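Descriptive analysis of the structure
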Amino acid sequence: SQQGEEDPQALSIQEGENATMNCSYKTSINNLQWYRQNSGRGLVHLILIRSNEREKHSGRLRVTLDTSKKSSSLLITASRAADTASYFCATVHGSSNTGKLIFGQGTTLQVKP
Amino acid sequence: DTEVTQTPKHLVMGMTNKKSLKCEQHMGHRAMYWYKQKAKKPPELMFVYSYEKLSINESVPSRFSPECPNSSLLNLHLHALQPEDSALYLCASSQEQGVRNEQFFGPGTRLTVL
């Protein structure tokens with residue numbers, strides 16, 4: 001079963017605004033990753049945060065991880081029309097070495113110019 | 001080269017056809033993956049190859065047959081598919097199979113089964 005659940009399912013904002021997406025999961029994890037997918041194409045890896053990290057930055061992206069609440073958030077600052085895409089969190093199980101990614105349901109982000 | 005390529009981009013096939021999807025990477029990665037993604041759903045893992053050996057089969061029906069001829073290539077052979085198998089099929093690779101490895105995805109093959 002899918003481990004990650006994301007909210008909101010859909011988000012529509014104006015260019016320049018910030019976008020925040022949340023992900024919750026159920027079991028212990030080794031790391032949590034965020035991916036972007038443009039309109040039915042392949043996924044692009046955005047950022048990986050390990051279970052012993054609380055916050056990570058990459059350009060306009062900020063990811064937080066709260067293992068006590070089993071949740072993560074992705075913040076995109078100063079959004080652009082090109083950020084329009086679906087965003088998925090994916091977890092890697094804590095005790096597994098299979099590398100199996102379990103994806104959340106995704107958030108569809110629309111950034112209006 | 002940090003790219004995973006997949007061919008064809010689109011495929012339409014009948015239920016009695018036999019076809020193959022191809023995936024290639026030249027990043028020296030030793031783990032390769034097949035995922036299936038239905039519309040508006042997240043990707044679901046089908047198979048994992050590690051060092052050219054099948055490592056994980058997520059109870060996929062036998063009408064899907066994976067093959068890893070060498071460390072750069074991954075095929076998915078299709079036979080006697082059903083209309084519900086219509087989906088986007090994504091290939092991915094990572095340096096190794098394991099918890100710390102980022103996966104690089106190809107653009108996918110959009111499959112329609114008539």
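Look above for the structure.
Here's what I pulled together on the structure shown here. (Residues numbered from 1 in each chain as written. Chains lettered and ligands numbered in written order. Predicted model: local features only at pLDDT ≥ 70, side-chain atom pairs only at ≥ 80, totals over all residues. Heavy atoms only, no water.)

Let's talk about the sheet that holds strand E3 (residues 19-24) of chain A
All names here are of chain A. If you trace the five strands from one edge of the open sheet to the other, you get E1-E3-E8-E7-E6, paired in antiparallel fashion. Each having just a single partner strand, strand E1 (5-7) and strand E6 (55-58) make up the two edges of the open sheet. Sheet twist, expressed as the average angle between the axes of neighbouring strands with direction ignored, equals 15°. When E6 meets strand E7 (residues 61-66), the two strands line up antiparallel, connected through four bridges. (Pairing = 2+ DSSP bridges. Helix = DSSP H or I, 4+ residues; strand = E, 2+ residues; numbered from the N terminus. Axes fitted to C-alpha atoms, helices over the stretch in contact; angles between N-to-C directions.)

Quick word on the packing of aromatic side chains
Inspection of the entire model under this criterion finds eight aromatic pairs over all chains. With centroids separated by 5.5 Å and ring planes inclined at 85°, the aromatic side chains of Tyr 35 of chain A and Phe 105 of chain B adopt a geometry described as edge-to-face. Highlighted residues: Tyr 35 of chain A in strand E4 (residues 29-37) and Phe 105 of chain B in strand E10 (residues 104-105), drawn from two different chains. Residues Tyr 35 of chain A and Phe 105 of chain B agree in their burial class; the two are buried. When the ring of Tyr 35 of chain B is compared with that of Phe 105 of chain B, the centres are 5.3 Å apart and the planes differ by 45°; the resulting orientation is tilted. Pair noted here: Tyr 35 of chain B is in strand E4 (residues 31-37) and Phe 105 of chain B is in strand E10, with a separation of 70 residues, a long-range link. (Phe/Tyr/Trp six-rings, centres within 6.5 Å; stacked < 30°, edge-to-face > 60°. Buried < 20%, exposed > 50% of the residue type's maximum accessible area, 1.4 Å probe, protein only.)

Comments concerning empty space enclosed by the protein
Residue and element names in this part refer to chain B. Following the criterion strictly, the structure yields one cavity of 30 Å³ or more and no others. Each pocket or cavity is described by its volume, and for the largest cavity that value is around 40 Å³. Every residue lining the largest cavity is listed: His 29, Arg 30, Met 32, Tyr 49, Tyr 51, Glu 52, Cys 68, Asn 70 and Ser 71. Considered class by class, the residues forming the lining of the largest cavity number four nonpolar, three polar and two charged. (1 Å grid on protein atoms, 1.4 Å probe; cavity = no way out; pocket = protein on both sides within 12 Å on 5 of 7 lines; lining within 4 Å. Points joined across faces, edges and corners; volume = space filled by probe spheres on them. Nonpolar A, V, L, I, M, F, W, Y, C, P; charged D, E, K, R; others polar.)

Remarks on the interface of chain B and chain A
It is common to give the size of an interface as the accessible area that goes away when the parts come together. Between chain B and chain A, the contact holds 23 residues from the first and 25 residues from the second. The tally of links from chain B across to chain A stands at one salt bridge. Between Lys 100 of chain A and Glu 58 of chain B there is a salt bridge, with its nearest N and O atoms 2.7 Å apart. Remark: the boundary between chain B and chain A carries four residue pairs in polar contact (both at pLDDT 80 or more). Of all the secondary structure elements, the ones that give two or more residues to the side of chain B that touches chain A are E4, strand E5 (44-50) and strand E9 (87-94) of chain B. No other element matches E4 of chain B, which puts three residues into the side of chain B that touches chain A. (Contact = heavy atoms within 4.5 Å. Salt bridge = Lys/Arg side-chain N within 4 Å of Asp/Glu carboxyl O. Polar contact = N/O pair within 3.5 Å; in protein donor to acceptor, adjacent residues only side chain to side chain.)

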